[in-house]
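# Coordinate analysis (summary)
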Protein chains: 2
Amino acid sequence: MSAAFALDERLRADSVPVLDLPLCAVRLMNDARYAWLLLVPRRAGLVEVADLDPAAQATLWRECALAAAALRSVAPCDKLNLGALGNIVRQLHLHVVARRVGDAAWPRPVWGCGHAEPYAEPALSVRLEALRQAFAAPPD
Amino acid sequence: MSAAFALDERLRADSVPVLDLPLCAVRLMNDARYAWLLLVPRRAGLVEVADLDPAAQATLWRECALAAAALRSVAPCDKLNLGALGNIVRQLHLHVVARRVGDAAWPRPVWGCGHAEPYAEPALSVRLEALRQAFAAPPD
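Small disclaimer: the values here were computed from a predicted structure and weren't measured.

Another point: the packing of aromatic side chains. Taken as a whole and assessed by the stated rule, the structure comprises four aromatic pairs over all chains. When the ring of Tyr34(A) is compared with that of Trp36(A), the centres are 5.9 Å apart and the planes differ by 70°; the resulting orientation is edge-to-face. Here Tyr34(A) and Trp36(A) have matching classes, each one buried. Aromatic side chains Trp111(A) and Trp111(B) sit 6.1 Å apart centroid to centroid with 40° between the ring planes, which places their arrangement in the tilted category. With one member in each of two chains, Trp111(A) in the loop between β5 (94–99) and α3 (123–136) and Trp111(B) in the loop between β5 (94–99) and α3 (123–136) form a pair that bridges those chains. Judged by relative accessible area, which is 13%, Trp111(A) ranks as buried.

This is how it looks when you write it as structure tokens:
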């Protein structure tokens, strides 16, 4: 009997739910400095991408591509950054970050750079709704 | 007529060739602080993963999984880090980095952390040969 999936507490605290895809929970990092999504496969005990079987890995990367397209459609950017690090939070999670030239960390990575600036309302609700619409109608 | 693929000059200067997979050139970052591979799809004009068609994206991620397994087999690690950033070098490239607790950047990302420490010989030749053998005989 395998343990049920439970979202890591730090990931939960740092982000808000957008929607669930077949494999991954998609969450928005609560940091208004960047448009930044997390994808967290909803299976217990994952640390590395290689912990997923090949079919699930393929699903993960397809969902990553969907997330990248949705993010880009609501937050035009100069470069997308993808990352799977897990040095601090071991639960497998992917970062998809829309970067703008001159943003708070540019051109360095966003991880570990300064402090998150939580969204105000209604900006958070607006962004979440735009993301949900973008996932529902992915651009060609 | 499309331009021929040419490796970005900064990537070329910072890394040494390991071998070519069907899609990607695999290169070792010449930085002995970490076991660190680059995968560079050998197609001209790519910036984002989404610039590859879906079949080629699938190939990219399969090759990334092969590279991760090969790297891990020659450089046991506590965590693999995957990244596609491209904020400085725009040519599409993936990083696969074997991280150890207490390494030069731990637990921060390796990008932009200090200065590369080039391999001495014979350490470089030994690592390249071990990697080539690991790619030739991927672990189950």
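If you rotate chain A by 180° and push it 0.0 Å along the axis, it lands on chain B with an RMSD of 0.0 Å. Taken together, the rotation and translation relating the two chain copies correspond to the operation of a two-fold axis. Considering only C-alpha atoms, the part of chain A nearest the rotation axis is Gly83(A), at 2.1 Å. A symmetric contact is evident, with 100% of the interface residues of chain A recurring at the interface of chain B.

For the peptide bond that leads from Glu121(A) to Pro122(A), omega is 10°, which places it in the cis range. The topology assignment puts Pro122(A) in the loop between β5 and α3.

Looking now at the interface of chain A and chain B. Listed by partner, the interface residues are 25 residues for chain A and 25 residues for chain B. Counting the surface chain A buries against chain B, the share from its top three residues, Trp61(A), Lys79(A) and Asn87(A), is 30%. Ionic pairing is found between Glu48(B) and Arg72(A), a salt bridge with its closest N-O pair at 3.3 Å. Our count for the chain A to chain B interface comes out at 16 residue pairs in polar contact (both at pLDDT 80 or more). For the side of chain A that touches chain B, the secondary-structure elements that each account for two or more residues are α2 (54–74) and β4 (79–84) of chain A. By residue number, the principal contributor to the side of chain A that touches chain B is β4(A), which donates six residues. In terms of residue class, the side of chain A that touches chain B is made up of 13 nonpolar, five polar and seven charged. Here β4(A) pairs with strand β4 (residues 79–84) of chain B via three bridges, running antiparallel. What sits directly across from Ala84(A), in β4(B), is Leu82(B).

Strands in a sheet are paired, the pairing made by backbone hydrogen bonds, and the direction either parallel or antiparallel. Taken together, ten strands build an open sheet; the order of strands is β1(A)-β2(A)-β3(A)-β5(A)-β4(A)-β4(B)-β5(B)-β3(B)-β2(B)-β1(B) and the sheet is antiparallel. Edge positions in the sheet fall to β1 (15–20) of chain A together with β1 (15–20) of chain B, since each of these pairs with one other strand and no more. With direction set aside, neighbouring strand axes in the sheet form an average angle of 20°. Bridge count for β4(A) against β5(A) is five bridges, and the pairing is antiparallel. Looking at β5(A), one finds that Lys79(A) is bridged to Arg99(A). Sitting on the sheet, α3(A) is in contact with β1, β2 (24–29) and β3 (35–41) of chain A, with an inclination near 25° to β1(A).

The rules we used
- Residues numbered from 1 in each chain as written.
- Chains lettered and ligands numbered in written order.
- Predicted model: local features only at pLDDT ≥ 70, side-chain atom pairs only at ≥ 80, totals over all residues.
- Heavy atoms only, no water.
- Phe/Tyr/Trp six-rings, centres within 6.5 Å; stacked < 30°, edge-to-face > 60°.
- Buried < 20%, exposed > 50% of the residue type's maximum accessible area, 1.4 Å probe, protein only.
- Helix = DSSP H or I, 4+ residues; strand = E, 2+ residues; numbered from the N terminus.
- Least-squares fit on C-alpha atoms with pLDDT ≥ 70 in both.
- Contact = heavy atoms within 4.5 Å.
- Buried area = accessible area lost by both parts, 1.4 Å probe.
- Salt bridge = Lys/Arg side-chain N within 4 Å of Asp/Glu carboxyl O.
- Polar contact = N/O pair within 3.5 Å; in protein donor to acceptor, adjacent residues only side chain to side chain.
- Nonpolar A, V, L, I, M, F, W, Y, C, P; charged D, E, K, R; others polar.
- Pairing = 2+ DSSP bridges.
- Axes fitted to C-alpha atoms, helices over the stretch in contact; angles between N-to-C directions.

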